[in-house]
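In case you want the letters, here they are:
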Amino acid sequence: MSSPSISTILRDKNLATGLRVIAEKVYAGDRITSEEGQLLYDEASLGYLGSLANYIRERKHGDKTYFNRNFHVEPTNVCIYSCSFCSYSRLIKKREDGWEYSLDDIMDIIKGYDGKPVTEVHIVGGVLPQYDVAFYAELFSRIRKHRPDLHVKGLTPVEYHYIFKKAKISYEEGMAQMKEAGLQSMPGGGAEIFHPEIRDQIASGKCSGEEWLRIHEIWHELGMRSNATMLYGHMEEFKHRSDHLEKLRELQDKTGGFQTFIPLKFRNKNNELSHLDESTVVEDLRNYAISRIYLDNFDHIKAYWIMLGQQTAQLSLSYGADDLDGTVVHEIIYHDAGAKTPEGLTVGQLTDLITEAGRIPVERDTLYRRVLPAG
């Protein structure tokens, strides 16, 4: 699935005028409009998109492809919400089928990585009343005291919206408390699709798109960093994707606090949307490429290999992606939805994936500082 160079694209006399204008903007380093972003979804071929996205990717990062050593902790898979796309959570009335870890349980998991060269713990899970502000403040504090070198990346606006509302405190007060307790960055989950036409159907009751964006904005105002996602390939139309990207680009213009954008492929096993077909590899790569072209103010585009599949993740490195996430030990959420990838990869396996794609592996920490090999 190799793409022509951008210079070849620009020499194509049969290229439609609108697509030629976009290619010229990309070549010059100029921003495309929201209307042009929609045009890419509606009309652009995979080869065309790949040439533009790879040009941007290499202009920003050359052949470097980033990864980190991380592991996941899910405090619970029981949840008060019932999202139609979710294969992971169990309703409270069926909580006997799930797990609900205590603080000590979670710390035992954390301590299991003592002596191992991991740099990040990624904490997300279901939403339940006992997992409140005090619980997470204590958890973050304990982790930081136990292992100060371990970066705590935790919870999405879905969790924060719920626990702050339950505690009757503002977003501003709540996020300040989380920072003081030891939270260091936020993952990008819970964004799904911002537009209410779709969000109300697939994630009813959760925080709105505007509330998701506001919580990230407040976090950025505290001088902290976060990621952003978009769940694609289910009920949404191209217009909903471009609207989602535009809202992220607008907030990034305002705060500069986002590090990475991660397109998340909908997986259709064991959920209420199992009747829908999953997106094809071609559409996955188109979406990655358009994301790279559209989000000119995001430094990184991440191919979450555990969701996308190892081979497609490799291909994405030629369609705008410059990051493969990390070792991701003990991932559950996407495996419950039908992902066939391993629950984790070794550093050697990750670097092999990257070098086989013709790229240069670079180990990073959560904030994209290079981690040098020991010795």
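Counting starts from 1 at the beginning of each chain's written sequence and moves along it residue by residue. With the structure being a predicted model, the display of local features is reserved for residues of pLDDT at least 70 and the display and counting of side-chain atom pairs for 80 or more, all residues being used for whole-chain, interface and lining totals. As a rule here, side-chain values come from all non-hydrogen atoms in the structure, and water together with hydrogens is ignored.

## Things to note about the pairing of strand β1 (residues 64-68)
Keep this limit in mind: Three exposure classes are used, based on accessible area relative to the maximum for each residue type with a 1.4 Å probe and protein chains only: buried under 20%, partly exposed in between, and exposed over 50%. Helix and strand assignments follow DSSP, with helices taken as H or I runs no shorter than four residues and strands as E runs no shorter than two, numbered in order from the N terminus. The pairing criterion is simple: DSSP has to find at least two bridges between the two strands.
Within β1, four of the five residues are buried, leaving the element largely enclosed by the surrounding structure. Summarising the sheet, β1 and strand β11 (residues 323-326) pair through two bridges and their orientation is parallel. Residue pairing for β11: Tyr66 is matched across the bridge by Asp323.

## Quick notes on the sheet that holds strand β12 (residues 360-363)
So the rule is basically this: The axes used here are C-alpha line fits, helices contributing only the stretch in contact, and every angle between their N-to-C directions lies in the interval 0 to 180 degrees. Only heavy atoms enter the contact rule, under which two residues are in contact if any of them lie within 4.5 Å.
The strand order across the open sheet formed by three strands is β11-β1-β12, and the pairing between neighbours is parallel. Strands at the two margins of the open sheet, each flanked by one partner only, are β11 and β12. The average angle at which neighbouring strand axes cross in this sheet is 25 degrees, direction not considered. Packed on one face of the sheet, helix α16 (residues 347-356) meets β1, β11 and β12 and runs near 160 degrees to β1.

## A look at the side chain of Thr119
On the secondary structure map, Thr119 appears in the loop between α5 (103-111) and β5 (120-123). The residues touching Thr119, leaving out its near neighbours within four places in the chain, are Asn68, Arg69, Asp149, Leu150, His151, Arg364 and Asp365.

## Some points on the packing of aromatic side chains
This is how the line gets drawn: Centres within 6.5 Å are what make two rings of Phe, Tyr or Trp a pair, Trp counting through its six-membered ring; a difference in plane orientation under 30 degrees is then read as stacked, over 60 as edge-to-face, and the rest as tilted. Throughout this description, the term charge over a ring refers to an Arg CZ or Lys NZ atom that lies within 6 Å of the ring centre and within 35 degrees of the ring normal.
Inspection of every chain in the model, using the stated rule, returns 14 aromatic pairs. Ring geometry for Phe194 versus Trp212: centroids 5.3 Å apart, planes at 50 degrees, classification tilted. A residue pair is termed long-range when its members are at least 10 positions apart, and Phe194 in the loop between β7 (185-186) and α9 (196-202) and Trp212 in helix α10 (residues 209-221) qualify at 18 residues. Across this residue pair, the class does not change: Phe194 and Trp212 are buried. Clustering of aromatic rings is evident, with ring pairs tying together Phe194, Trp212, Phe258, Phe261 and Phe298. Its end group placed over the ring of Tyr113, Lys116 keeps NZ or CZ at 5.3 Å from the ring centre. Directly above the ring of Tyr368 sits Arg364, whose terminal nitrogen or CZ lies 4.4 Å from the centroid.

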